[in-house]
Amino acid sequence: MVKFTKQFEGQLVPEWKEAFVDYWQLKKDLKKINFLNNNERTNNVDNMNTNKECSFSRILISSLRKLPLFGPQRGEHGVIQVHRKLGQTLSKGDLYETELLEQFADTEAAAEFFALLDLQLNKVNQFFQTKEKEFVERGDCLKKQMEILIELKAALIKQHHDKGTSSSQNTKEDESISGTISCDEESNKDRTDQEQDIDNSIDQVILDYPRSSELENSTNIKREDNKSKNLLERVINCQGKSLKIHIPLTNPTRTFSAITYLLRDDIINQSSKKCGPDGRKKLHINRTKLKHAEKMIKGAFIELYKGLGYLKTYRNLNMLAFVKILKKLDKVTNKQVLPIYLRVVESSYFNSSDKALKLADDVEHIFIKHFAEDDKKKAMKYLKPSQKKESHAVTFFIGVFTGCFLALFVGYVIMAHITGLYRPKSDTIYMETVYPFLRQVMFSLMFLHFFLYGCNIFMWRKTRVNYSFIFELAQTKELKYRDVYLICATSMTAVVGVLFLHLTLVAKGYSYNQIQAIPGLLLMVFLMLLVCPLNIIYKSSRYRFICVIRNIMFSPLYKVVMLDFFMADQLCSQVPMLRNLEYVACYYITGSYKNQDYGFCMRTKYYRDLAYAVSFLPYYWRAMQCARRWFDEGHKSHLVNLGKYVSAMLAAGAKVAYEKEKNLGWLCLVIVMSSAATMYQLYWDFVKDWGLLQCHSKNPWLRNELMLRRKFIYYFSMGLNLVLRLAWLQTVLHYNFGSVDYRVTGLFLAALEVIRRGQWNFYRLENEHLNNAGKFRAVKTVPLPFHEVDEQD
């Protein structure tokens, strides 16, 4: 049977851990009471042994006092009495304080225990009341949003029927609802982002709509916790109350629209063209905007339902924790405390309030009716997605392919040693073409990185880091660490198998014209699997990966989320892979593989110029993401982070130039730029990304909250990160490790950078998780599409 402590720790909401009952501290205080009681029993036994003669009258009197007819009946109040006090503010709610009666009056440990118990009960009540109020307000806003959406959809359908179905009009222009507004002035307005910073918008539609206080509250949720950059937008006064639709800037089209609307001349020109003679103009709500608004509201309902589920778990686990700790108290003290205190807990706010339960039922009913076509089973797939069961077949095939990989790898190493391929005077064609392609470009570094990501997932789950919430991954479609290991084992088995086959054909005397296309075919197979439209081999994860790469490549046109800049950071550690991929692409596209002219690409000027771009392209993407985040959020820290990647770009460019020129001037520039970039990056790693090196922390030179129990792991990681950051010195020293080929040395150094990035990933997400937990953010706040605009705005 699983102990309650492990059950409690395994089921609690990680971001709300500090708001749960401190069951561990209560158990420690309970052990103090148990220790004192044991000492007291020992003393009583000693006193009984020394004083064996006891008067009959004293025994008789003590026995009579226990009868209900004699003496005061303590059963009326028991051993404790809990007083209820009204809170000073509504947010604090009622406070509870326990008074110890005679049997506990002389016990200091018991007083400390009940003081902590009261503190935990008051904490739970206050947190539950705060979260319940937040969810209820969000639910009221969503209900109003849903009413607006229903009315707009009904108006669109009615207008469609009134105008009739015109085929020519339907093919050229989408149906829309027109609203007349005045356009006599424009102004700048300060805008605020939602909690997840995805409410930046520029497409706005003004309609006449009744004012509602609930709708107004939707623009004020979390307003005090967020700051944003001033953004020029059209705010047009009109008679009566107006409604504004926000369309987030999540794709390049809307981003270009935002840039356009930032130009005042364009706004004036558009206003002058669209305004009629009476100074009024028409705007349209088309079907596309309504669908987008419906999608936003649907996502908000899903997140609200998830939050209400967390609140229900919070209630049940805390109630069970109080029951368990009170049972232990009764067992230790041999007194009936449980019935008295449990009545207070059961009547407290967090256990007696039913607003959250009613709201969950309302959300479920609305979702089934409007988003699932009255199909409850279909609705529950969105509201309560079932977790994917871990199959034993995955573990079995991991073992099978790992064994195959090791066997093939050992065979390849033996054959390579016999043929002498990795010695300085080896087969030049093989080392210039096949080796960089199979061992370095697409496979060794990439799958090593992927394997380390699987290790990160394992550690995140073990330390209760909610990586799924941070990356906004679907719970039913995310990759588990076993899935990652299976992909790595299968892929590397295929790679080493092709390596072994290719080397076998070379050893048997086959010409390169016959076997040189094998590496290219393997690359084509991997690319076809990546873009395969069939629902096989983790289709959702493959397509999510493609979308993330697209967002990175088109930075800063896409909205930057956590997963995007996390993946962009991974690419910064894969610069050697990208440079070798450039060479392989040139080698096969130009047809050099047919005549083994491996030096053709190196002699081409365009290839050498492109090498500069490839070397700092990942840093450029990351810098553009920082610029976009600064534009959306307005935090200057993003500009400081941008400077880090600019310094890395300059250092990478200096390295490429030094490899080309090989003179003292470029060498000095490489040392200066790389040293400055390394110091910049180390500071950002330790202080910003990891949250370490805090002078006033309770953990020396670490943060206050640590996910790992052993502190030396953090110190070791910082030292290892420092050493691995200095791997660029090999570019200057050109140290040779015995008779090993320099390409193998380069692969080893590139692998060290991937390993450094792997450990960075864990601490980066740990710090992100602690930031979310510090603000009790367990569900994301989805921006709402409809906002009210007053006449004064």
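For clarity, every value in this text was computed on a predicted model and none was experimentally measured.

Here is what the cut-offs are and how they apply
- Residues numbered from 1 in each chain as written.
- Predicted model: local features only at pLDDT ≥ 70, side-chain atom pairs only at ≥ 80, totals over all residues.
- Heavy atoms only, no water.
- Helix = DSSP H or I, 4+ residues; strand = E, 2+ residues; numbered from the N terminus.
- Contact = heavy atoms within 4.5 Å.
- Areas by Shrake-Rupley, 256 points an atom, 1.4 Å probe, with all protein chains shown as cover.
- Core = buried A, V, L, I, M, F, W, Y, C linked by side-chain atoms within 4.5 Å.
- Buried < 20%, exposed > 50% of the residue type's maximum accessible area, 1.4 Å probe, protein only.
- Patch = residues over 30% accessible without salt bridge, like charges linked within 9 Å, V, L, I, M, F, W, Y side chains within 5 Å.
- Salt bridge = Lys/Arg side-chain N within 4 Å of Asp/Glu carboxyl O.
- Lys, Arg positive; Asp, Glu negative; His and termini not counted.
- Charge placed at Lys NZ, Arg CZ, Asp CG, Glu CD.
- Pairing = 2+ DSSP bridges.
- Phe/Tyr/Trp six-rings, centres within 6.5 Å; stacked < 30°, edge-to-face > 60°.
- Lys NZ or Arg CZ within 6 Å of the ring centre and 35° of its normal.
- Polar contact = N/O pair within 3.5 Å; in protein donor to acceptor, adjacent residues only side chain to side chain.
- Expected span 1.5 Å × (residues − 1).
- Axes fitted to C-alpha atoms, helices over the stretch in contact; angles between N-to-C directions.
- Parallel < 35°, antiparallel > 145°, perpendicular 65-115°, else oblique.
- Nonpolar A, V, L, I, M, F, W, Y, C, P; charged D, E, K, R; others polar.

What about the overall build of the chain?
Broken down by element type, the chain carries 31 helices and 9 strands. Within the chain, residue pairs in contact and separated by at least 24 positions form 77% of the contacts whose partners lie at least 6 positions apart. Element-wise, carbon and sulfur atoms account for 59% of the exposed surface of the chain, whose accessible area totals about 42,200 Å².

Some remarks on the nonpolar core
One finds Trp 16, Ile 80, Phe 113, Leu 117, Phe 301, Leu 326 and Tyr 341 to be the most contacted residues of the largest nonpolar core, which totals 81 residues. Broken down by element, the residue count for this core peaks at 20 residues, all from helix 10 (residues 287-333). Ignoring sequence-local partners within four residues, the contact set of Trp 16 consists of Phe 127, Lys 131, Phe 135, Gly 307, Tyr 310, Leu 311, Tyr 314, Phe 776 and Ala 778. In terms of nonpolar packing, the next biggest core, distinct from the first, is built from 38 residues, Tyr 467, Tyr 485, Leu 563 and Phe 565 among them.

Overview of a positive patch on the surface
On the surface, a cluster of positive charge is made up of Lys 3, Lys 6, Lys 324, Lys 327, Lys 328 and Lys 331. In terms of residues, the positive patch owes the most to one element, helix 10, which gives 4 residues. On the accessibility criterion, Lys 328 (36% relative accessible area) is partly exposed.

Focus: the pattern of salt bridges
Per the counting criterion, the structure on display carries 21 salt bridges. The partner of Asp 354 in a salt bridge is Lys 358, with the nearest N and O atoms 3.4 Å apart. In this structure, the salt-bridge partner of Glu 768 is Arg 764, at a minimum N-O distance of 3.2 Å. Residue Glu 768 and its partner Arg 764 are both found in helix 31 (residues 742-774); the two are separated by 4 residues, about one turn of the helix. We note that Glu 768, like Arg 764, is buried. Put simply, Asp 685, Arg 725, Glu 753 and Arg 756 are held in one network by salt bridges that share partners.

Quick word on the pairing of strand 2 (residues 95-100)
Burial of strand 2 is one-sided: the residues Tyr 96, Thr 98 and Leu 100 facing one way are buried, the residues Leu 95, Glu 97 and Glu 99 facing the other way are not. Bridge analysis of strand 1 (residues 80-85) against strand 2 gives 6 bridges, and the strand direction is antiparallel. Along strand 2, the bridge assignment pairs Lys 85 with Leu 95.

With respect to the environment of Tyr 485
One can find Tyr 485 in helix 19 (residues 481-507). When near neighbours in sequence (up to four residues on either side) are disregarded, Tyr 485 contacts Ile 398, Phe 451, Gly 454, Cys 455 and Phe 458.

A short note on the packing of aromatic side chains
Enumeration according to the criterion identifies 34 aromatic pairs in this entry. Consider the rings of Phe 128 and Tyr 349, whose centres lie 6.3 Å apart with planes at 70°: the pair is edge-to-face. Of this pair, Phe 128 sits in helix 5 (residues 108-163) while Tyr 349 sits in helix 12 (residues 349-352); the two residues are 221 residues apart in sequence, bridging distant segments of the chain. According to the relative accessible area criterion, Phe 128 is buried, its value standing at 1%. Members of the aromatic cluster, each reached through a chain of ring pairs, are Phe 4, Phe 8, Trp 16, Phe 20, Tyr 23, Trp 24, Phe 127, Tyr 310, Tyr 314 and Phe 776. One cation-aromatic arrangement involves Lys 539 over Tyr 543; the distance from NZ or CZ to the ring centre is 5.7 Å. The ring of Trp 684 carries Lys 688 above its face, with NZ or CZ at 5.9 Å from the centroid.

A look at unusual backbone geometry
A cis geometry characterises the amide bond from Ser 555 onward to Pro 556, with omega recorded as 5°. Of note in this structure, Asn 334 is not a glycine but carries a positive phi near 60°. Considering the arrangement of structural elements, one finds Asn 334 in the loop between helix 10 and helix 11 (338-347). A relative accessible area of 66% places Asn 334 in the exposed class. Positive phi, normally seen in glycine, also occurs at Leu 693, with a value near 55°. With respect to the helices, strands and loops of the structure, Leu 693 is situated in the loop between helix 28 (664-689) and helix 29 (712-725). Owing to a relative accessible area of 35%, Leu 693 belongs among the partly exposed residues under this scheme.

Side note on the side chain of Asp 569
Positionally, Asp 569 belongs in helix 23 (residues 562-572). Polar side-chain contacts of Asp 569 include one of 3.1 Å to the side chain of Arg 622. Not counting chain neighbours up to four residues away, the residues in contact with Asp 569 comprise Arg 622, Tyr 645, Arg 757 and Trp 760.

Quick notes on a nonpolar patch on the surface
Residues Leu 693, Trp 701, Phe 712, Tyr 715, Phe 716 and Leu 720 make up a contiguous nonpolar surface patch of roughly 620 Å² in combined accessible area. Relative to the helices and strands, Trp 701 is located in the loop between helix 28 and helix 29.

Re helix 17 (residues 444-462)
Counted at 1.5 Å a residue, the expected span for helix 17 with its 19 residues is 27 Å, and the 27 Å between its end C-alpha atoms agrees. Every buried residue belonging to helix 17 is among Ser 444, Leu 445, Phe 447, His 449, Leu 452, Tyr 453, Gly 454, Asn 456, Ile 457 and Trp 460, and all of these are buried. At the C-terminal side of helix 17, Arg 464 shows a positive phi close to 65°.

Topic: the packing of helix 26 (residues 605-633) against helix 27 (residues 637-661)
Where helix 26 meets helix 27, the closest approach of the two axes is 8 Å, and the angle between their N-to-C directions is 175°. As judged from the angle between their axes, helix 26 and helix 27 are roughly antiparallel. Per-class residue counts for the contact of helix 26 with helix 27 are 17 nonpolar, 4 polar and 5 charged.

This is a description of form; function is not addressed.
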